[in-house]
Amino acid sequence: MTPVAVMVGANRIVPAAGIIHPLGGADLSPDEERALRRRIVERALQALQTEVVGPTVFTGESPAAPPGGAPAS
Amino acid sequence: MRAEPLRVVCYVNQFFGQLGGEERAGAGPEVRPGAVGSARAVQQALSEHGTVVATVICGDNYVAEQLDRAVGEIAALVAAERPDLVVAGPAFLAGRYGVACGALCAAVEAGLGVPAVTGMAAENPGVDLYRRRVHIARTGTEASRMLDEARRLVALGLALARREPLGSPAEAGYFARGLTANAVVERSAAERAVDMLLDKLAGRPVTSEVPLPAFKKVAPPPALGGVRRAKIALVTDGGIVPLGNPDGIEPLAATRFGAYPIAGRDALDPALFDNVHRGYDTTYVKQDPHRLVPLDVVRELEQRGDIGEVHHTVYSTVGVATTLANSERMGREIAEQLRAAGVDAVILTST
């Protein structure tokens, strides 16, 4: 859903793990799931500490994609 | 069509009823025979088609401070005049007056079965509150154009009273009521879409049949200096609610949000939470609410000192078929509460 978030103008966007469990994964072990959740939250905290000029998707590869940057999922 | 003129009752506020200005805004409802104040413009617009038999006047504050009771009183006075049509306003940009006009028209139509019409400018809060329930003529903002604006209300009102087909909101000059009307058109959707595309390619003007909402640009807030001293709040549009859904958050097209305390909790117990969102399969987030609201992880980060503080309340609503207007309003209300609580940043998890 990151394209929608970009379209409506959310400024700091972190791709998550999916619509039915954005911060988890039903196929993962409890430990793996918690680690995944932690990575997404930490990326959100990183995004909050990054200056942006418009809707920006924070993919794993670079700290800040260009405005309107490509969604990761 | 009726041969005899319609009996029309007008509603006006203290100002347009010539009682006085703000100093008379507390005045209770009263009835005057015939057309008084701005109702005379309604009479002029009606011409031989109708007679304003009475004008009900009431102060704006009297209505605004006790809406249900005041509207009940006004509607009773209106009913006693046995109207065929009720014309309220026009209210232009006057907010209290617009709300009173909308509420009265809704009460008259629902309670008395009498057609009612009002009019106001697009920015009047009465428009969003009542346009789905009553016909509100689109007026300008200038009371100096009273007769022209009264003509709009009267044209709409006469059509309603005569049970004539109104035409689309754009054609008939009233605010869209959110209804879908079936219409037979000459060309299929595929043909119209191709026509539109050809027009677009040729640089000709194109009008969409589906007006899209305009998303306002929100300037990005500056980056946080550091999260180690920041207070972070968790917000979601993923539909988590305490068991029993105490706030009655709607499963779709939500108009409400909930504020749920998490102080002293390290985790969200699935036995204590439900999920009312009807836009996705909620099986997995019901099994483990942290898949939606990452309280376990943010608590851990808080305890390690990586986050200054986790805000003591989680805000939740349902983001499916939720109107832009309600989303904006709820976002604003949540943001006001968060700001008042000294929250520095939000992690909003969305499905």
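Residues numbered from 1 in each chain as written. Chains lettered and ligands numbered in written order. Predicted model: local features only at pLDDT ≥ 70, side-chain atom pairs only at ≥ 80, totals over all residues. Heavy atoms only, no water.

**Some points on the overall build of chain A**
Thinking step 1. Broken down by element type, chain A carries two helices and two strands.
Thinking step 2. When the elements of chain A are put in sequence order from the N terminus, they spell out α-β-α-β.
Thinking step 3. For chain A, the residues scored as buried account for 44% of the 73 residues in total.
Thinking step 4. Here the contacts in chain A between residues at least 6 apart in sequence split such that 45% fall between residues at least 24 apart.
Thinking step 5. For chain A, the exposed area adds up to about 3,700 Å²; of that, 59% sits on carbon and sulfur atoms. (Helix = DSSP H or I, 4+ residues; strand = E, 2+ residues; numbered from the N terminus. Buried < 20%, exposed > 50% of the residue type's maximum accessible area, 1.4 Å probe, protein only. Contact = heavy atoms within 4.5 Å. Areas by Shrake-Rupley, 256 points an atom, 1.4 Å probe, with all protein chains shown as cover.)

**Examining the interface of chain A and chain B**
Thinking step 1. Between chain A and chain B, the residue contacts involve 28 residues of the former and 35 residues of the latter.
Thinking step 2. Summing the contributions of chain A and of chain B, the shared interface buries around 2,600 Å²; its carbon and sulfur component is 63%.
Thinking step 3. Ranking the residues of chain A by area buried against chain B places Ile20, Arg38 and Leu48 of chain A at the top, with a combined share of 23%.
Thinking step 4. Where chain A packs against chain B, one counts five salt bridges.
Thinking step 5. For arginine 34 of chain A, the salt bridge is made with aspartate 296 of chain B, and the minimal N-O distance between the two is 3.7 Å.
Thinking step 6. The interface formed by chain A and chain B holds 10 residue pairs in polar contact (both at pLDDT 80 or more) in total.
Thinking step 7. When residues of the side of chain A that touches chain B are traced back to their parent elements, those giving at least two are helix 1 (2-8) and helix 2 (30-48) of chain A.
Thinking step 8. Considering every element that reaches the side of chain A that touches chain B, the biggest residue donor is helix 2 of chain A, with nine residues. (Buried area = accessible area lost by both parts, 1.4 Å probe. Salt bridge = Lys/Arg side-chain N within 4 Å of Asp/Glu carboxyl O. Polar contact = N/O pair within 3.5 Å; in protein donor to acceptor, adjacent residues only side chain to side chain.)

**Remarks on the sheet that holds strand 3 (residues 50-58) of chain B**
Residues and elements named next belong to chain B.
Thinking step 1. Read from one edge of the open sheet, six strands run 2-3-1-4-5-6, paired in mixed fashion. At either end of the open sheet lies a strand with only one pairing partner, and these are strand 2 (30-33) and strand 6 (135-138). Strand-to-strand twist in this sheet, taken as the mean axis angle between neighbours without regard to direction, amounts to 25 degrees.
Thinking step 2. Along the sheet face, helix 4 (residues 95-112) touches strand 1 (6-13), strand 4 (85-88) and strand 5 (116-120) and points at about 165 degrees away from the line of strand 5. (Pairing = 2+ DSSP bridges. Axes fitted to C-alpha atoms, helices over the stretch in contact; angles between N-to-C directions.)

**Focus on the packing of helix 3 (residues 67-80) of chain B against helix 4 of chain B**
Residues and elements named next belong to chain B.
Thinking step 1. Where helix 3 meets helix 4, the axes come as close as 9 Å, and the angle between the chain directions of the two elements is 60 degrees. With respect to each other, helix 3 and helix 4 are oriented oblique. Viewed along their axes, helix 3 and helix 4 form a crossing whose handedness is right-handed. Taking contact as the criterion, the partners of Leu67, Val71, Ile74, Ala75, Val78 and Ala79 in helix 3 are, on helix 4, Val99, Ala103, Leu104, Ala107, Val108 and Leu112.
Thinking step 2. Along the lines of polarity and charge, the residues of the contact of helix 3 with helix 4 split into 12 nonpolar, no polar and no charged. (Parallel < 35°, antiparallel > 145°, perpendicular 65-115°, else oblique. Left-handed = near helix turned anticlockwise from the far one by under 90°. Nonpolar A, V, L, I, M, F, W, Y, C, P; charged D, E, K, R; others polar.)

**Notes on the confidence of the model for chain A**
Thinking step 1. In this model, chain A carries an average pLDDT of 84, and 82% of its residues clear a pLDDT of 70 or more.
Thinking step 2. Contacts from residues 62-73 of chain A, a stretch scored under 50 in pLDDT, to residues over four places away or in other chains number 20 contacts. (pLDDT = per-residue confidence, 0-100.)

**Thoughts on the packing of aromatic side chains**
Residue and element names in this part refer to chain B.
Thinking step 1. Per the counting criterion, the structure on display carries five aromatic pairs over all chains.
Thinking step 2. Geometrically, the ring pair formed by phenylalanine 16 and phenylalanine 92 is tilted, given 6.1 Å between the ring centres and 35 degrees between the ring planes. In this pair, phenylalanine 16 is assigned in the loop between strand 1 and strand 2 and phenylalanine 92 in the loop between strand 4 and helix 4, connecting sequence segments 76 residues apart. For the pair phenylalanine 16 and phenylalanine 92, a shared accessibility class is recorded, and that class is buried.
Thinking step 3. With centroids separated by 5.6 Å and ring planes inclined at 20 degrees, the aromatic side chains of phenylalanine 16 and tyrosine 97 adopt a geometry described as stacked. Note that phenylalanine 16 is positioned in the loop between strand 1 and strand 2 and tyrosine 97 in helix 4, a separation of 81 residues in sequence. For the pair phenylalanine 16 and tyrosine 97, a shared accessibility class is recorded, and that class is buried. (Phe/Tyr/Trp six-rings, centres within 6.5 Å; stacked < 30°, edge-to-face > 60°.)

**Description of the nonpolar core**
All names here are of chain B.
Thinking step 1. Membership of the largest hydrophobic core comes to 60 residues, with the highest contact counts inside it found for Val8, Tyr11, Val42, Val63, Ile74 and Val87.
Thinking step 2. In this view, tyrosine 11 contacts Val56, Cys58, Val63, Ile74, Val87, Ala88, Gly89, Tyr97, Ala100, Cys101 and Leu104; residues no more than four positions away in its chain are not counted.
Thinking step 3. The next biggest cluster of nonpolar side chains, apart from the first, holds 26 residues, and it includes Ile232, Ile262, Val285 and Leu292. (Core = buried A, V, L, I, M, F, W, Y, C linked by side-chain atoms within 4.5 Å.)

**Here we look at the environment of glycine 89 of chain B**
Residue and element names in this part refer to chain B.
Thinking step 1. Along the chain, glycine 89 falls in the loop between strand 4 and helix 4.
Thinking step 2. Spatially, the C-alpha atoms of glycine 89 and alanine 150 are 8.4 Å apart, while their sequence positions differ by 61 residues.
Thinking step 3. Those residues in contact with glycine 89 that lie beyond four places of it in its chain are Tyr11, Tyr97, Cys101, Thr118 and Leu153.

**Focus: the side chain of asparagine 124 of chain B**
All names here are of chain B.
Thinking step 1. Inspection of the secondary structure assignment puts asparagine 124 in the loop between strand 5 and helix 5 (125-130).
Thinking step 2. A distance of 2.9 Å separates a polar atom in the side chain of asparagine 124 from the backbone nitrogen of glycine 126.
Thinking step 3. In this structure, asparagine 124 is in contact with Ala91, Phe92, Leu93, Ala94, Gly95, Gly98 and Val99, ignoring residues within four places of it in sequence.

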